[in-house]
Amino acid sequence: MLQQFVTVQDLGGKPLKRVLMTTSDEGVHVADPGMLYAIRFGVSRPIAVSPEQVYNFDPPIFDDLLAQWQAEKQTCAMTWAKLGQFQPMEDDEDDFDCDD
C-alpha cells in the first residue's frame, strides 16, 4: 500500500511525521505511522488538523526540524518554509463522465 507522508506542526512547532489519510471540510486527516494497524481495525482513528499545520514531507528537512526541536524545544520558521504547505490534490471525480 502506497502511503503519502506529510509533516504536521504540533504545538510549539514540534515536527511530526504523519501518514495522509484524507482531506475534508474538517481539515486534513492524518495518522501516526505506528497506529495504522489500530486504525485499520477500528481501535484508533486518524485526527483532523488544520491545513495551516500540514506541510510537505522531505526527510532531510524533517530531520533538521527534529534536531532543532530536540536541541531547543522550538523550530525555525525558515526551515518550515523550505517544506512548503501541503496542497491536497484536486478531486478528479468531477471530470469523469461515464456516458462518453
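Going by the structure above, here's the rest.
What counts and what doesn't
- Residues numbered from 1 in each chain as written.
- Predicted model: local features only at pLDDT ≥ 70, side-chain atom pairs only at ≥ 80, totals over all residues.
- Heavy atoms only, no water.
- Helix = DSSP H or I, 4+ residues; strand = E, 2+ residues; numbered from the N terminus.
- Buried < 20%, exposed > 50% of the residue type's maximum accessible area, 1.4 Å probe, protein only.
- Contact = heavy atoms within 4.5 Å.
- Core = buried A, V, L, I, M, F, W, Y, C linked by side-chain atoms within 4.5 Å.
- Patch = residues over 30% accessible without salt bridge, like charges linked within 9 Å, V, L, I, M, F, W, Y side chains within 5 Å.
- Areas by Shrake-Rupley, 256 points an atom, 1.4 Å probe, with all protein chains shown as cover.
- Salt bridge = Lys/Arg side-chain N within 4 Å of Asp/Glu carboxyl O.
- Polar contact = N/O pair within 3.5 Å; in protein donor to acceptor, adjacent residues only side chain to side chain.

Draft legend 1. Focus on the overall build of the chain. Helix and strand content of the chain: 3 helices and 5 strands. In sequence order, the chain lays out its α and β elements as β-β-β-α-β-β-α-α. For the chain, buried positions account for 28% of its 100 residues. The contacts of the chain with a sequence gap of at least 6 include a subset with a gap of at least 24, amounting to 48%.

Draft legend 2. Structural detail: the nonpolar core. Core analysis: the largest hydrophobic core is formed by 9 residues, namely V6, V8, L16, L20, V28, V30, V49, V54 and F86. Broken down by secondary-structure element, the contributors of at least two residues to this core are β1 (5-9), β2 (15-24) and β3 (27-31). Once you skip the residues sitting within four places of it in the chain, V6 turns out to touch L16, K17, R18, L20, V30, V54, Y55, F57 and F86. Listed in part, the 5 residues of the second largest apolar core include Y55, I61, W80 and L83.

Draft legend 3. Local environment of the environment of L65. Considering the arrangement of structural elements, one finds L65 in helix α2 (residues 59-72). The spatial distance from the C-alpha of L65 to the C-alpha of C76 is 7.5 Å, given a sequence separation of 11 residues. Excluding residues within four positions of it along the chain, L65 makes contact with P15, T75, C76, T79, W80 and L83.

Draft legend 4. Representation of the side chain of H29. Positionally, H29 belongs in strand β3. A residue is classified by how much of its surface remains accessible, and H29, at 13% relative accessible area, is buried. Contacts of H29, omitting those with residues within four sequence positions, involve V19, L20, M21, T22, T23, S24, P46, I47 and A48.

Draft legend 5. Here's a closer look at the environment of G34. By secondary structure assignment, the location of G34 is in the loop between β3 and α1 (36-40). It is 9.3 Å that separates the C-alpha atoms of G34 and R18, two residues lying 16 residues apart in sequence.

Draft legend 6. Summary view of a nonpolar patch on the surface. Taken together, the side chains of Y37, F41 and V43 define a hydrophobic patch exposed on the protein surface, amounting to about 410 Å² of accessible area. Within the secondary structure layout, V43 lies in the loop between α1 and β4 (47-49). Look at V43 and you get exposed, because its relative accessible area is 68%.

Draft legend 7. Fine view of the side chain of T75. By the secondary structure assignment, T75 is in the loop between α2 and α3 (77-83). A polar contact of 3.1 Å, which involves the side chain of T75, links it to the backbone oxygen of G13. Among the polar contacts listed, one links the side chain of T75 to the side chain of W80, at a separation of 2.8 Å. Other than its neighbours up to four places away in sequence, T75 contacts Q9, G13, P15, L65, Q68, W69 and W80.

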